Amino acid sequence: HRSFSLFLFDKESGDLLLQKRASTKITFPNVWTNTCCSHPLHGMVPAEVDGPGDVADGTTMGVKHAAVRKLYHELGIPSNELPISEFKFLTRMHYWAADTVTHGPDAPWGEHEIDYVLFLVLPNAKATLTLKPHPEEVDDVKWVSKQQLIDGMKEGLWSPWFRLIANKWLVAEKGWWENLTATMTTDVHCDYTSVHKFDPPKEHMGGKGKAGPYLGSIDSASSNGVATINDTSKKQGAYGKIKTHKESKLSQISHIDEVFSAISFLYIRPLKSNMTSKDLSSSFVKSELDFCDEILGKVSRSFAAVIRQLPPSLVVDVMIFYLVLRALDTVEDEMKNFASNDIKIGHLLEFHKTALGDPKWTMDGIGEGDERRLLEEFPKCHGVFAALKPESKRIITDITHRMATGMAEFVSKDLGQGTENIKQYNRYCH
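Right, let's walk through the structure included here. Please read all numbers here as calculations on a predicted model, not as lab measurements.

### Notes on the pattern of salt bridges
No. 1: What the rule picks out here adds up to 17 salt bridges.
No. 2: When the shortest N-O distance is used, the salt bridge between Asp 317 and Lys 389 registers 3.5 Å. Of the two residues, Asp 317 sits in helix α13 (residues 312–333) while Lys 389 sits in the loop between α16 (378–386) and α17 (390–410), which places them 72 residues apart along the sequence.
No. 3: Here Asp 317 falls in the buried class, since its relative accessible area comes to 10%.
No. 4: Taking the relative accessible area as the measure of exposure, Lys 389 reaches 40% and is therefore partly exposed.
No. 5: Via salt bridges that share partners, Glu 294, Lys 298, Arg 373, Glu 377 and Lys 380 belong to a single interconnected network.

### Focus on the environment of Val 171
No. 1: Looking at the secondary structure, you find Val 171 in the loop between α6 (160–170) and α7 (180–185).
No. 2: Exposure remark for Val 171: the relative accessible area of 19% places this residue in the buried category.
No. 3: It is 22 Å that separates the C-alpha atoms of Val 171 and Phe 28, two residues lying 143 residues apart in sequence.
No. 4: With residues near it in sequence (within four places) discarded, Val 171 still touches Lys 146, Leu 149, Ile 150, Ala 166 and Trp 177.

### Some words on a nonpolar patch on the surface
No. 1: Taken together, the side chains of Phe 260, Ile 263, Leu 266, Tyr 267 and Ile 268 define a hydrophobic patch exposed on the protein surface, amounting to about 600 Å² of accessible area.
No. 2: According to the relative accessible area criterion, Phe 260 is exposed, its value standing at 56%.

### What about the packing of helix α11 (residues 286–299) against α16?
No. 1: Close contact between α11 and α16 brings their axes to 9 Å; oriented N to C, the two are set at 115°. Of the possible angle classes, the one that applies to α11 and α16 is roughly perpendicular. Helix-helix and strand crossings are classified by hand; for α11 and α16 the assignment is left-handed. Between α11, through Glu 288, Leu 289, Phe 291 and Cys 292, and α16, the contact on the second element is made entirely by Pro 379, Lys 380, Cys 381, Gly 383 and Val 384.
No. 2: When grouped by side-chain class, the residues that make up the contact of α11 with α16 number six nonpolar, one polar and two charged.

### Things to note about the packing of aromatic side chains
Aromatic ring pairs are described here by two measures, namely the spacing of the ring centres and the angle between the planes.
No. 1: As enumerated under the stated definition, the model contains 16 aromatic pairs in all.
No. 2: With a centroid separation of 5.9 Å and an interplanar angle of 20°, the aromatic rings of Phe 7 and Phe 162 are classed as stacked. Linking Phe 7 in strand β1 (residues 2–10) with Phe 162 in helix α6, this pair joins segments that are 155 residues apart in sequence. Here the two residues Phe 7 and Phe 162 agree in accessibility, since each one is buried.
No. 3: Between Trp 158 and Phe 162 the ring centres are 5.7 Å apart and the planes differ by 20°, which places this aromatic pair in the stacked class. Considered together, Trp 158 and Phe 162 belong to a single accessibility category, that of buried residues.
No. 4: Here the aromatic residues Phe 7, Phe 9, Phe 119, Trp 158, Phe 162, Trp 169, Trp 176, Trp 177 and Phe 198 are joined through ring pairs into a cluster of three or more.
No. 5: A cation over an aromatic ring shows up here: Lys 142 above the ring of Trp 32, its NZ or CZ 4.3 Å from the ring centre.
No. 6: Taking the ring centre of Phe 291 as reference, the NZ or CZ of Lys 380 above it sits at 4.8 Å.

Rules used throughout
- Residues numbered from 1 in each chain as written.
- Predicted model: local features only at pLDDT ≥ 70, side-chain atom pairs only at ≥ 80, totals over all residues.
- Heavy atoms only, no water.
- Salt bridge = Lys/Arg side-chain N within 4 Å of Asp/Glu carboxyl O.
- Helix = DSSP H or I, 4+ residues; strand = E, 2+ residues; numbered from the N terminus.
- Buried < 20%, exposed > 50% of the residue type's maximum accessible area, 1.4 Å probe, protein only.
- Contact = heavy atoms within 4.5 Å.
- Patch = residues over 30% accessible without salt bridge, like charges linked within 9 Å, V, L, I, M, F, W, Y side chains within 5 Å.
- Areas by Shrake-Rupley, 256 points an atom, 1.4 Å probe, with all protein chains shown as cover.
- Axes fitted to C-alpha atoms, helices over the stretch in contact; angles between N-to-C directions.
- Parallel < 35°, antiparallel > 145°, perpendicular 65-115°, else oblique.
- Left-handed = near helix turned anticlockwise from the far one by under 90°.
- Nonpolar A, V, L, I, M, F, W, Y, C, P; charged D, E, K, R; others polar.
- Phe/Tyr/Trp six-rings, centres within 6.5 Å; stacked < 30°, edge-to-face > 60°.
- Lys NZ or Arg CZ within 6 Å of the ring centre and 35° of its normal.

Okay, here's the thing in structure tokens:
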């Protein structure tokens, strides 16, 4: 994910403001690091997300707004003391690091970031800057000179990203700190085209994510019970991007009640699908109905088992209802193949008209595995939808429109830290 690392300097002395991360933090507690480091968020006002053009011309107002927000949150520095025009974007780096120092060799926590590096030099900052550190974010702060930092980093705990930036650029020979005036007023140290890649420091290799040299190999994760990205055979739930848990055969058969239930469902009282009812064959095109039944079992095994038990008067209606919403959800979940969120929002808001109104509507290149196939062969679902009772079609269209409208409202908001308030939470759930 994206992050930023801000370095705030006092103009007169040239000293750098450091913070010590709070001992209560989950990742990298008790470590010294740069002035402020955090993440830009979607859905903020002013906007915190930068596009390629913002990076190319070095403006990156998004991460600068995020830095202003977090400087107040973490250090209590009010925005009127932080002239955003004085923030300087220098470059980006790509690194990962496991917090094995805190959580041991199998640490589940760490960072994997594209880090935007920002400098800010303020006049008379040591004397006039408001500093009220948030106790849940920061345990301590201090101003240091370049030499004090070099000496101080020989011992103690330091964040991995700060050490990478410091050793590569900050205190290196002819580095960024050597001449702050040149760094801030010229482009001599600016690199807007590169994303510099860094191995984690040795003590931050390993962990559950197997952080290693040059970002390691994503394929190596598959042997550790972690699904490989874009492995469509493991796409169920999150397209292979989530950890899957395995149990040994011995552990599985030790759950006697579950074994008995499985045997009962498989051999004693097997579930029988009502999709085979003769009453359905005369109402729908068989090839289209067969496709819907097949794809239902592919995109959701658990829902499929329940839906197929419904009486013949409901089974097809609910199956199509589910497939329509699954197709809609696949559009919402797509994170890379729409040129912008606005384009995706447009597809969501029109879905009840396009997918349910045009018998030839399809969407190519969206989703993974069977979800992608559902969208690419959607006319077969539409054929069955068109043959449903008018009241069923009305309900499916109405709920699809309502859900799509809700998705469009929240799709551009970053909910990683929750909704803003209870009212928004209730609306999101609704």
